[in-house]
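Structural features, examined
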Amino acid sequence: DSGVTQTPKHLITATGQRVTLRCSPRSGDLSVYWYQQSLDQGLQFLIQYYNGEERAKGNILERFSAQQFPDLHSELNLSSLELGDSALYFCASRALGTGVTEAFFGQGTRLTVV
Amino acid sequence: GENVEQHPSTLSVQEGDSAVIKCTYSDSASNYFPWYKQELGKGPQLIIDIRSNVGEKKDQRIAVTLNKTAKHFSLHITETQPEDSAVYFCAASPSGNTPLVFGKGTRLSVIA
């Protein structure tokens with residue numbers, strides 16, 4: 001168990017809908033990263049939050065947004081869903097350290113858009 | 001930005017043989033190189049990592065080597081077992097809290 005919790009594990013929704021994915025980082029970790037993994041694809045970085053503030057953006061669509069709350073959990077909001085948004089969505093958390101620290105991943109949310 | 005290339009995309013080995021997966025990166029500022037194992041239906045799990053001030057690191061049957069001059073690093077698994085079958089990802093990161101950039105993964109099959 002990595003200590004990173006993602007809910008829900010599975011989500012099936014229709015095109016055009018909006019969903020919210022939730023991530024609780026490891027206790028004390030200030031950084032949260034969101035990644036998308038499509039079929040047979042690697043892990044594509046979407047967005048990073050650090051202590052409530054957006055820190056870095058990757059290939060995140062304008063239809064997607066995220067936030068990190070004071071208790072450090074994070075939510076990824078996906079709107080106007082398309083069939084191509086079907087994928088695994090992972091979050092990872094990292095502690096603050098003086099050097100580089102390990103990133104730990106949750107079990108992911110499998111999103112299916114029908 | 002950083003770009004990580006990973007080879008091969010699939011690898012089949014006989015049980016007991018060794019497996020080697022190679023990655024190259026583009027950003028000379030990268031100094032942290034983790035390897036993750038992803039089993040079916042699960043999230044990526046960190047199995048070993050190496051920092052730029054080290055050339056090699058071992059943990060039982062797993063080892064990672066880093067050549068900063070050539071900008072490549074490799075994962076070596078010795079005495080492979082069926083439970084080693086999974087998808088392996090390499091990644092690189094410049095430093096601190098910057099996002100990890102991943103390779104596209106290698107699907108390793110260990111044949112009993």
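Note that the coordinates shown come from a computational prediction; the quantities given were computed from them, not determined experimentally.

1. Here we look at the interface of chain A and chain B
By a frequent convention, interface size equals the accessible area lost on bringing the separate parts together. Taken together, the contact between chain A and chain B spans 25 residues of the former and 23 residues of the latter. When chain A packs against chain B, the two sides together hide about 1800 Å² of surface, and 50% of this comes from carbon and sulfur. Here chain A is connected to chain B by zero salt bridges. At the surface where chain A touches chain B, the tally comes to four residue pairs in polar contact (both at pLDDT 80 or more). Only strand E4 (31-37), strand E5 (43-50), strand E9 (87-94) and strand E10 (103-105) of chain A provide two or more residues apiece to the side of chain A that touches chain B. For the side of chain A that touches chain B, the element with the most residues is E5 of chain A, which contributes five residues. Along the lines of polarity and charge, the residues of the side of chain A that touches chain B split into twelve nonpolar, ten polar and three charged.

2. Some words on the nonpolar core
Grouped together as the largest cluster of nonpolar side chains are 24 residues, with contacts concentrated most on Trp35, Phe73, Leu75, Tyr88 and Leu108 of chain B. Where this core is concerned, the elements lending two or more residues are strand E2 (10-14), strand E3 (19-25), strand E4 (32-38), strand E5 (45-51), strand E7 (62-67), strand E8 (72-77), strand E9 (86-92) and strand E11 (106-111) of chain B. Among all residues touching Tyr88 of chain B, those that are not within four sequence positions of it are Gln6, Ile21, Tyr36, Lys37, Ile47, Leu75, Ile77, Gly105, Thr106 and Leu108 of chain B. Counting residues in each nonpolar core, the second largest holds 20 residues, with Trp34, Tyr49, Ala87 and Leu111 of chain A among its members.

3. A look at the sheet that holds strand E7 (residues 64-68) of chain A
Residues and elements named next belong to chain A. Reading across the sheet, the four strands line up as E1-E3-E8-E7 and stay open at both edges, with antiparallel pairing between neighbours. This sheet does not close on itself; its edge strands, each paired only once, are strand E1 (5-7) and E7. Across this sheet, the average inter-strand angle for adjacent strands is 15°, counted without regard to direction. The sheet contact formed by strand E3 (residues 19-24) and strand E8 (residues 74-78) spans five bridges and is antiparallel. The residue of E8 that forms the bridge with Cys23 is Ser74.

4. Looking at the side chain of Lys37 of chain B
Residue and element names in this part refer to chain B. Residue position: Lys37 is located in strand E4. A polar contact of 2.9 Å, which involves the side chain of Lys37, links it to the backbone oxygen of Glu83. For Lys37, the residues in contact, after removing those within four places along its chain, are Gly43, Pro44, Gln45, Ile47, Glu83, Asp84, Ala86, Val87 and Tyr88.

Definitions and limits used
Residues numbered from 1 in each chain as written. Chains lettered and ligands numbered in written order. Predicted model: local features only at pLDDT ≥ 70, side-chain atom pairs only at ≥ 80, totals over all residues. Heavy atoms only, no water. Contact = heavy atoms within 4.5 Å. Buried area = accessible area lost by both parts, 1.4 Å probe. Salt bridge = Lys/Arg side-chain N within 4 Å of Asp/Glu carboxyl O. Polar contact = N/O pair within 3.5 Å; in protein donor to acceptor, adjacent residues only side chain to side chain. Helix = DSSP H or I, 4+ residues; strand = E, 2+ residues; numbered from the N terminus. Nonpolar A, V, L, I, M, F, W, Y, C, P; charged D, E, K, R; others polar. Core = buried A, V, L, I, M, F, W, Y, C linked by side-chain atoms within 4.5 Å. Buried < 20%, exposed > 50% of the residue type's maximum accessible area, 1.4 Å probe, protein only. Pairing = 2+ DSSP bridges. Axes fitted to C-alpha atoms, helices over the stretch in contact; angles between N-to-C directions.

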